[in-house]
Amino acid sequence: MVELQFCKLSAKGSIPSLGSIPSTGSILMNISSIGKKILIISDIHNDVQKLDKIIKHEAADINLVLGDWFDSFVYDETEHYSKTAEYLLNFLNSPNNKTLFGNHDLHYLFHNTHVICSGYEHRKYNAIGEALENDRLVTCRKFNWFAWVDNYLCTHAGLCADFIDPTAKDLSDINLFLIKERERANVKIISGDDHWFYAAGRARGGHYHKGGIVWLDFDREFAPVEGLNQIVGHTPRRQKGLTKYAGTENYCIDTSLSQWLTVTNGKIEVKSYRDL
């Protein structure tokens, strides 16, 4: 069992709900589940046929993918990358479908050596580029670094307290901090520079002490931040079942699509592929 360690926000009083965060254009995605069903799923890894079956079964109002559309040990022929990219394009054509960046997406969407990780091959890059009609930038603009579903922060891998501005006192402060860092990351990834958003920690062979929001290892680097609930993927679950960090509302859902979450009127449900 993972040892339970909390990193605290220096909050005064209770942590406000996400509803207190201004709904301005500076917020990337603030999704409320009130009166809606939200599907949250992660780590597709070219298995778009399985994803499509899940999406059709759930018939959710909003489908949120936490990243890692590409790279696979199973579906690794060039045609699989073409088909996944084509599916991704169609997926993003609907305003009800949302996706976040995963580490296995970044190296096919950007020319930046800092984002290349295991699985990358030029043949895959070229196949994806052709399917995206060689306009990766248009597709990139439809991806997001993070999203809020009610009061849950959703990222590909998780937010480590080590990176949070120490002056942050509540969820609104964390959101504003992430917005500022998002703008920096957007500039740096285009210019070929490094940024902690897409940096690997030492547990994953990187040079940062802990991984950023597309690289944090849930088993070896993640620690709950008091007052902040998170839903992440990225770290494979050994028993193919999602993990809820003991005593907290932090979920890791990288399960090879065997399980996922739905959120309706603030209630989270764990769903399983075997029940389809």
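As the structure is a computational prediction, the values presented were derived from the model and not from experiment. (Residues numbered from 1 in each chain as written. Predicted model: local features only at pLDDT ≥ 70, side-chain atom pairs only at ≥ 80, totals over all residues. Heavy atoms only, no water.)

Undergrad: What am I meant to see in the pattern of salt bridges here?
TA: Should the charged atoms of two oppositely charged side chains come close, the side chains can pair. Counted according to the given criterion, the structure contains 15 salt bridges. We note a salt bridge from lysine 56 to aspartate 52, for which the minimum N-O separation is 2.9 Å. Here lysine 56 pairs with aspartate 52, and both are found in helix H1 (residues 48–58), just four residues apart, close to one helical turn. The exposure class assigned to lysine 56 is exposed, which follows from its relative accessible area of 63%. Here arginine 123 makes a salt bridge to aspartate 76, at a shortest N to O gap of 3.4 Å. Within this pair, whereas arginine 123 is found in helix H4 (residues 122–131), its partner aspartate 76 is found in the loop between strand E4 (62–65) and helix H2 (78–92), the two being separated by 47 residues in sequence. Owing to a relative accessible area of 22%, aspartate 76 belongs among the partly exposed residues under this scheme. Put simply, Asp71, Asp76, Glu121, Arg123 and Lys124 are held in one network by salt bridges that share partners. (Salt bridge = Lys/Arg side-chain N within 4 Å of Asp/Glu carboxyl O. Helix = DSSP H or I, 4+ residues; strand = E, 2+ residues; numbered from the N terminus. Buried < 20%, exposed > 50% of the residue type's maximum accessible area, 1.4 Å probe, protein only.)

Undergrad: Looking at this model, I keep getting lost on the environment of glutamate 226. Mind explaining?
TA: Its place among the elements puts glutamate 226 in strand E9 (residues 225–226). For glutamate 226, a relative accessible area of 39% gives the class partly exposed. As for glutamate 226 and glutamate 249, which are separated by 23 residues in sequence, their C-alpha atoms are 10.0 Å apart.

Undergrad: Would you explain the confidence of the model for the protein in this entry?
TA: For residues with low pLDDT, the predicted coordinates do not support detailed interpretation. Residues at a pLDDT of 70 or more form 90% of the protein, whose mean pLDDT is 90. Confidence drops under pLDDT 50 across residues 10–27; counting only partners more than four residues distant or on other chains, this segment forms 29 contacts. (pLDDT = per-residue confidence, 0-100. Contact = heavy atoms within 4.5 Å.)

Undergrad: What is the right way to read H4 from this model?
TA: At 3.6 residues per turn, the α-helix brings residues three or four places apart onto the same side. Inspection of H4 places Lys124, Tyr125, Ala127, Ile128, Gly129 and Ala131 among the buried residues, and these make up the whole buried set. Along its buried surface, H4 packs onto H2, helix H3 (103–109) and helix H5 (136–140). Phi turns positive one or two residues past the end of H4, at glutamate 133, with a value near 60°.

Undergrad: Explain the sheet that holds strand E2 (residues 30–31) to me, please; I cannot follow it from the model alone.
TA: Two pairing modes exist for strands in a sheet, parallel and antiparallel, and in both the strands are linked by backbone hydrogen bonds. Judged by pairing direction, the sheet is mixed, and its six strands sit side by side in the order E2-E7-E8-E10-E12-E11 without closing on themselves. At either margin of the open sheet sits one strand with a lone partner, and together these are E2 and strand E11 (243–244). Where E11 and strand E12 (residues 250–252) come together, two bridges link them in antiparallel fashion. Bridge pairing links lysine 244 to tyrosine 251 in E12. (Pairing = 2+ DSSP bridges.)

Undergrad: Would you take a moment to explain a nonpolar patch on the surface for this structure?
TA: Nonpolar side chains collect at one region of the surface, where Phe73, Val74 and Tyr75 lie side by side and expose about 400 Å² of accessible area between them. Mapped onto the elements, valine 74 comes out in the loop between E4 and H2. (Patch = residues over 30% accessible without salt bridge, like charges linked within 9 Å, V, L, I, M, F, W, Y side chains within 5 Å. Areas by Shrake-Rupley, 256 points an atom, 1.4 Å probe, with all protein chains shown as cover.)

Undergrad: What am I meant to see in the pairing of strand E10 (residues 229–232) here?
TA: Walk down a regular strand and you will see the side chains alternate between the two sheet faces. On E10, burial covers both faces: Asn229 and Ile231 on one face and Gln230 and Val232 on the other are all buried. Summarising the sheet, strand E8 (residues 152–154) and E10 pair through three bridges and their orientation is parallel. Considered in E10, the bridge of leucine 153 is made with glutamine 230.

Undergrad: Can you help me understand the sheet that holds strand E6 (residues 143–144) in this one?
TA: If you walk across this open sheet you meet the six strands as E6-E5-E4-E3-E13-E14, and the pairing is mixed. Edge strands, defined here as strands with exactly one partner in the open sheet, are E6 and strand E14 (267–272). As paired strands, strand E3 (residues 37–41) and strand E13 (residues 259–264) are joined by four bridges and run antiparallel to one another. Bridge pairing in E13 places leucine 39 opposite threonine 262. Sheet strands touched by H1: E3, E4, E13 and E14. Its angle to E3, the strand with the most contacts, is close to 165°. On the sheet, H2 packs against E4, strand E5 (97–100) and E6 and is oriented at approximately 125° with respect to E5. (Axes fitted to C-alpha atoms, helices over the stretch in contact; angles between N-to-C directions.)

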